[in-house]
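# Descriptive structure summary
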Amino acid sequence: RPFQYLQCLDFFLWMGIFSIEANTALFVQYSLGLRNHVQNVLVVFMVASCFGVLLWHYVMTNKGKKPTLAIAATLFFGFALSQMFIPGALYVVLPLAALGGSLFAPFILIPWSMLPDVVDDYTLERGVSMESLFVGLFTFFTNIGKAIAQGLTAFALKWADYKTGRCGQPESV
C-alpha cells in the first residue's frame, strides 16, 4: 500500500514537472516577450535546481520528508501564481527563474528518497526484498507520466494553433 501511494504521488508530480519543463521556454518566449533570453532563463533555472537539491536535502534531513514536501508545494504554488503578474523584464525574470528552479528540486528529490523506505517496509513485512521490481515499476510509471504530460502539452498546443518554426504565433498560444 505505501508503494501505491508513493507511485501515485510520483506519477502526478512528474506529470506536473514535465508539463512545466516543456512549456517554460514557450512561456518565456511568448508570454514574457524575452525571445533572445530563453537560453539564459533556462540555464539559471537548471543551475538553481541543482543547488536547490542541496538546500532541500538539508531541509529534508532536519524537518522530515512529508513536511518538506508540504513546505515546497506551498512555496511553489505561490511562485506559480506570481508568474501571472511578472513583467517581461530580464532583471525580474532571472531571479524568479532561480527561485523556481530551487523550488523544483524537492519534487524530484523527495519521491526518490522515499522509495528505499517503501522497499524496506515491504521487506520487513514480507521477508522478501523486491528492490529491483519496485525501482523498475517506479521508473516505468515516471516515464508514463512524462509521456502523458508531453501528449497533453502537444494536444493543447495543437488546439491553440501553435505552428513549429513560425516566427509569430497566434494570441491563443
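Shown above is the structure to which this text applies.
Keep in mind that this is a model prediction, so the values were computed, not measured.

On a plain count of helices and strands, the chain comes out with five helices and zero strands. Traced from its N-terminal end to its C-terminal end, the chain shows the element sequence α-α-α-α-α. Projecting the C-alpha coordinates of the chain onto the three principal axes gives extents of approximately 60 × 35 × 20 Å. The buried share of the chain, taken over its 173 residues, is 34%. In the chain, the proportion of contacts linking residues at least 24 apart, taken out of those at least 6 apart, comes to 74%. Averaging the locations of the 10 positively and 9 negatively charged side chains of the chain gives two centres separated by 8 Å.

Attention now moves to the packing of aromatic side chains. Aromatic rings in a pair are described by how distant their centres are and how their planes are angled relative to each other. A complete count under the given rule lists nine aromatic pairs for this structure. Seen from their ring centres, F3 and F134 are 4.7 Å apart, and the 65 degrees between their planes marks the pair as edge-to-face. Residue F3 is located in helix α1 (residues 2-31), and its partner F134 is located in helix α5 (residues 131-159); the two are separated by 131 residues in the primary sequence. Among the aromatic side chains, those forming a connected cluster through ring pairs are F45, F76, F79, F104 and F107.

Residues V128, M130, L133, L137, F140, F141, I144, I148 and L152 make up a contiguous nonpolar surface patch of roughly 710 Å² in combined accessible area. Residue position: M130 is located in the loop between α4 (90-126) and α5.

Attention now goes to α5. Taking 1.5 Å as the rise per residue, α5 with 29 residues should run 42 Å; its terminal C-alpha atoms sit 42 Å apart, in good agreement. Turning to α5, its buried residues are F134, F138, T142, G145, A149, T153 and L157. In the core, the buried residues of α5 are packed alongside α1 and α4. Directly after α5, the chain includes D161, whose backbone phi takes a positive value near 70 degrees.

In this section: the pattern of salt bridges. Pairing of side chains with opposite charge becomes possible as their charged atoms draw close. This structure, assessed with the given rule, holds two salt bridges. The residue K65 makes a salt bridge to D117 at a minimum N-O spacing of 2.5 Å. Residue K65 is located in helix α3 (residues 65-82), and its partner D117 is located in helix α4; the two are separated by 52 residues in the primary sequence. Classification of K65 by relative accessible area gives partly exposed; the value is 23%. Given a relative accessible area of 41%, D117 falls into the partly exposed group. Across the pair R126 and E125 runs a salt bridge, and its minimum N-O distance is 3.6 Å. Given the relative accessible area of 54%, E125 is considered exposed.

Its place among the elements puts S49 in helix α2 (residues 38-63). Those residues in contact with S49 that lie beyond four places of it in its chain are G101, S102, F104 and A105.

By volume, the largest pocket is sized at about 560 Å³. Taken together, 26 residues line the largest pocket, and the ones lying closest to its centre are I20, N23, T24, F27 and V28. Listing elements by their share of the lining of the largest pocket, those giving two or more residues are α1, α2, α3, α4 and α5. With nine residues, the top contributor of residues to the lining of the largest pocket is α1. Class assignment of the residues belonging to the lining of the largest pocket gives a composition of 19 nonpolar, seven polar and no charged.

What counts, and where the lines are drawn
Residues numbered from 1 in each chain as written. Predicted model: local features only at pLDDT ≥ 70, side-chain atom pairs only at ≥ 80, totals over all residues. Heavy atoms only, no water. Helix = DSSP H or I, 4+ residues; strand = E, 2+ residues; numbered from the N terminus. Buried < 20%, exposed > 50% of the residue type's maximum accessible area, 1.4 Å probe, protein only. Contact = heavy atoms within 4.5 Å. Lys, Arg positive; Asp, Glu negative; His and termini not counted. Charge placed at Lys NZ, Arg CZ, Asp CG, Glu CD. Phe/Tyr/Trp six-rings, centres within 6.5 Å; stacked < 30°, edge-to-face > 60°. Patch = residues over 30% accessible without salt bridge, like charges linked within 9 Å, V, L, I, M, F, W, Y side chains within 5 Å. Areas by Shrake-Rupley, 256 points an atom, 1.4 Å probe, with all protein chains shown as cover. Salt bridge = Lys/Arg side-chain N within 4 Å of Asp/Glu carboxyl O. Expected span 1.5 Å × (residues − 1). 1 Å grid on protein atoms, 1.4 Å probe; cavity = no way out; pocket = protein on both sides within 12 Å on 5 of 7 lines; lining within 4 Å. Points joined across faces, edges and corners; volume = space filled by probe spheres on them. Nonpolar A, V, L, I, M, F, W, Y, C, P; charged D, E, K, R; others polar.

Function cannot be inferred from these measures alone, as they are strictly geometric.
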